[in-house]
Amino acid sequence: MQEQEIAEREQGLAKGLGKAQIVMIGLGGAIGTGLFMGSGIAINYAGPAVVLSYLIAGFAAVVMVLSLSEMAVMHPSAGSFGTYAETYLNPWAGFMVRYTYWMAQVIAIGGEAVAAGVYMTYWFPDVPIWAWSLGFAFILLYVNSRSVSDFGTFEYWFAFIKVAAIVLFILLGLSAIFGVGMKPVGFHNLVGLPGGFMPNGFWGVWMGVLIGIFSFVGIEVIAVTSGETREPEKAIPAALRTMAVRLLLFYVLALTIVVSFVPWTESGAKVVAQSPFVRVLAYSGIAHAAGIMNFVVVSAALSSMNTNIYLCSRMLFSLSRGRYAPAFLGRLSPNGTPVAAILVSGACILLSAGLSKLTPLAYNYLFGIAIFGAIIVWMTILLSHLSFRRRHKAEDLKVRMPFFPYMQIAGLVLLAAILITMGLDTQFWNIAWIVGVPWLALISLAYLVWRRANRASA
């Protein structure tokens, strides 16, 4: 009965997305600028064994997303994992996970807006970064305020640029390694440098997993689209399976090529100054390699922003329809889009972008909430799925996760270990605990206040 009530309260969104669009939306959400420009951080931790780091992180992502697909097919909903947590755990979990995810995405979009502005200075050094950031934010807010079909088409082509760039990079990289039409690079850098394949031991690999996990954050967007997808019972599981495999292959193959082509000590130290992707393109004889890659990373940043604005607005819409947020945020425009939720999210995104530019210390604390929140959201999804399976017989499910519940338990243990590692790290990752725990306390207090006020008005 509760499941039906939640489904009914989120009715009204236009069902304008097809399978091809939601696959690209998912890839767009999960492939940000990190793969192209930030992979050196993970390489610096793990060396060539960064490939193992991403395989481990990819395992957690696949377990989470396949578990989510079972629930999304049975309960297509804009609130997605937030409504599943409310249904199968408790109202506090649904309240907490949606607000935490909303906040994490707002912070991520603010960072991507500034990143896009920085990348544009490559061509227009005299134009202020804030002008680009502001302009891009307004354009993408406008795109999201149109019909969901228009948003899907826009994101399809944005994500297509990233996917095409990665496929081209993989083909050129493999050609360079095996010497197809050029001098072969071989695999010396993969295993022949001091320290071998795993120069920093398993601890280095494990720290690389932390970076890998956040590279995959965004894959859960497909479940959020379930409330606006035509034939979700067919499109969602097919898209999730396809995207999970593609994403894993893209990251693992691309990073294998990077550490084979560029000595890991160099790619780790100089990745900010020059992306390994640029070096592979230049080695292959591609003219204007730096300019091409800059175009790709701008597209990657804008695609990630576009998808995450969509996520933010649907989380606020879901919260409003559940009476956890002001009622006006749950109103829809004539084309079935939650414009108020988009605009409120946009205002907060601009504030986040301003903080990241003006006061980096404050933004670092906000970023701590984002990285802590991402792990909490994934763990909540797996816990919700365990409860979901207790209420529904396996034979009644249209989509079934294999090896239940062992995969979910393994995923939870892995995510919990990552969270503990963050708390023990004294150089950077402990910021997640320093601000993440107070955030959970604050959001729990807000829930108690809301519940008391709701009971008083009942």
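The model shown is predicted, which means the values in this text are computed figures rather than measured ones.

Cut-offs applied
- Residues numbered from 1 in each chain as written.
- Predicted model: local features only at pLDDT ≥ 70, side-chain atom pairs only at ≥ 80, totals over all residues.
- Heavy atoms only, no water.
- Helix = DSSP H or I, 4+ residues; strand = E, 2+ residues; numbered from the N terminus.
- Rg over C-alpha atoms; globule rule 2.2 N^0.38 Å.
- Buried < 20%, exposed > 50% of the residue type's maximum accessible area, 1.4 Å probe, protein only.
- Contact = heavy atoms within 4.5 Å.
- Areas by Shrake-Rupley, 256 points an atom, 1.4 Å probe, with all protein chains shown as cover.
- Lys, Arg positive; Asp, Glu negative; His and termini not counted.
- Charge placed at Lys NZ, Arg CZ, Asp CG, Glu CD.
- Core = buried A, V, L, I, M, F, W, Y, C linked by side-chain atoms within 4.5 Å.
- Expected span 1.5 Å × (residues − 1).
- Disulfide = S-S within 2.5 Å.
- Salt bridge = Lys/Arg side-chain N within 4 Å of Asp/Glu carboxyl O.
- Polar contact = N/O pair within 3.5 Å; in protein donor to acceptor, adjacent residues only side chain to side chain.
- Axes fitted to C-alpha atoms, helices over the stretch in contact; angles between N-to-C directions.
- Parallel < 35°, antiparallel > 145°, perpendicular 65-115°, else oblique.
- Left-handed = near helix turned anticlockwise from the far one by under 90°.
- Nonpolar A, V, L, I, M, F, W, Y, C, P; charged D, E, K, R; others polar.

## Some details on the overall build of the protein
Okay, step 1: Helix and strand content of the protein: 19 helices and zero strands.
Okay, step 2: Over its C-alpha trace the protein gives a radius of gyration of 22 Å, about what one expects of a compact globule, namely 23 Å for 458 residues.
Okay, step 3: Taken along its principal axes, the extent of the C-alpha atoms in the protein is 75 × 50 × 45 Å.
Okay, step 4: Burial status across the protein gives 59% buried among its 458 residues.
Okay, step 5: Long-range contacts, defined here as pairs at least 24 residues apart, represent 81% of the contacts in the protein between residues at least 6 apart.
Okay, step 6: As displayed, the protein offers around 18100 Å² of accessible surface, 68% of which is attributable to carbon and sulfur atoms.
Okay, step 7: Of the side chains in the protein, 27 bear a positive and 18 a negative charge, and the two mean positions are spaced by 1 Å.

## So, the nonpolar core
In globular proteins that are soluble, nonpolar side chains generally tend to be buried together.
Okay, step 1: Within the largest apolar cluster, 155 residues are counted, with the highest numbers of intra-cluster contacts made by Leu 27, Val 50, Phe 81, Ile 213, Trp 378 and Ile 418.
Okay, step 2: Take this core: its biggest share by element is 18 residues, from helix α6 (residues 91-120).
Okay, step 3: Not counting the four nearest positions on each side in its chain, Ile 213 is found in contact with Ala 57, Ala 60, Ile 375, Trp 378, Leu 415 and Ile 418.

## Focus on helix α15 (residues 289-321)
Okay, step 1: The first and last C-alpha atoms of α15 sit 48 Å apart over 33 residues, in line with the 48 Å expected at 1.5 Å per residue.
Okay, step 2: Positive backbone phi, approximately 65°, marks Arg 323, located one or two places after α15.

## Points about the state of the cysteines
Okay, step 1: Under the counting rule described, the total for this entry stands at zero disulfides.
Okay, step 2: Sulfur of Cys 312: no disulfide; nearest cysteine sulfur belongs to Cys 348 and is 8.7 Å away.
Okay, step 3: When its relative accessible area of 0% is taken as the criterion, Cys 312 is described as buried.

## Considering the pattern of salt bridges
Okay, step 1: If you walk through the whole model with that rule in mind, you get four salt bridges.
Okay, step 2: When the shortest N-O distance is used, the salt bridge between Arg 314 and Glu 228 registers 2.8 Å. On the criterion of sequence distance, the pair formed by Arg 314 in helix α15 and Glu 228 in the loop between α11 (221-224) and α12 (232-261) is long-range, its members being 86 residues apart. The exposure classification of Arg 314 matches that of Glu 228, with both residues buried.

## A word on the side chain of Thr 229
Okay, step 1: Within the fold, Thr 229 resides in the loop between α11 and α12.
Okay, step 2: For Thr 229, a relative accessible area of 0% translates into the label buried.
Okay, step 3: At 2.6 Å, the side chain of Thr 229 and the backbone oxygen of Thr 225 are in polar contact.
Okay, step 4: Ignoring sequence-local partners within four residues, the contact set of Thr 229 consists of Lys 15, Leu 17, Ile 22, Ala 235 and Ile 236.

## Here's the deal with the packing of α6 against helix α16 (residues 339-358)
Okay, step 1: Two elements in contact, α6 and α16, have axes separated by 8 Å at closest approach and are oriented at 55°. It follows that α6 is oblique to α16 by the angle criterion. Viewed along their axes, α6 and α16 form a crossing whose handedness is right-handed. Here Trp 102, Val 106, Ile 107, Ile 109, Gly 110, Ala 113 and Val 114 of α6 lie close against α16, whose contacting residues are Ser 345, Cys 348, Ile 349, Ser 352, Ala 353 and Ser 356.
Okay, step 2: Counted by class, the contact of α6 with α16 contains nine nonpolar, four polar and no charged residues.

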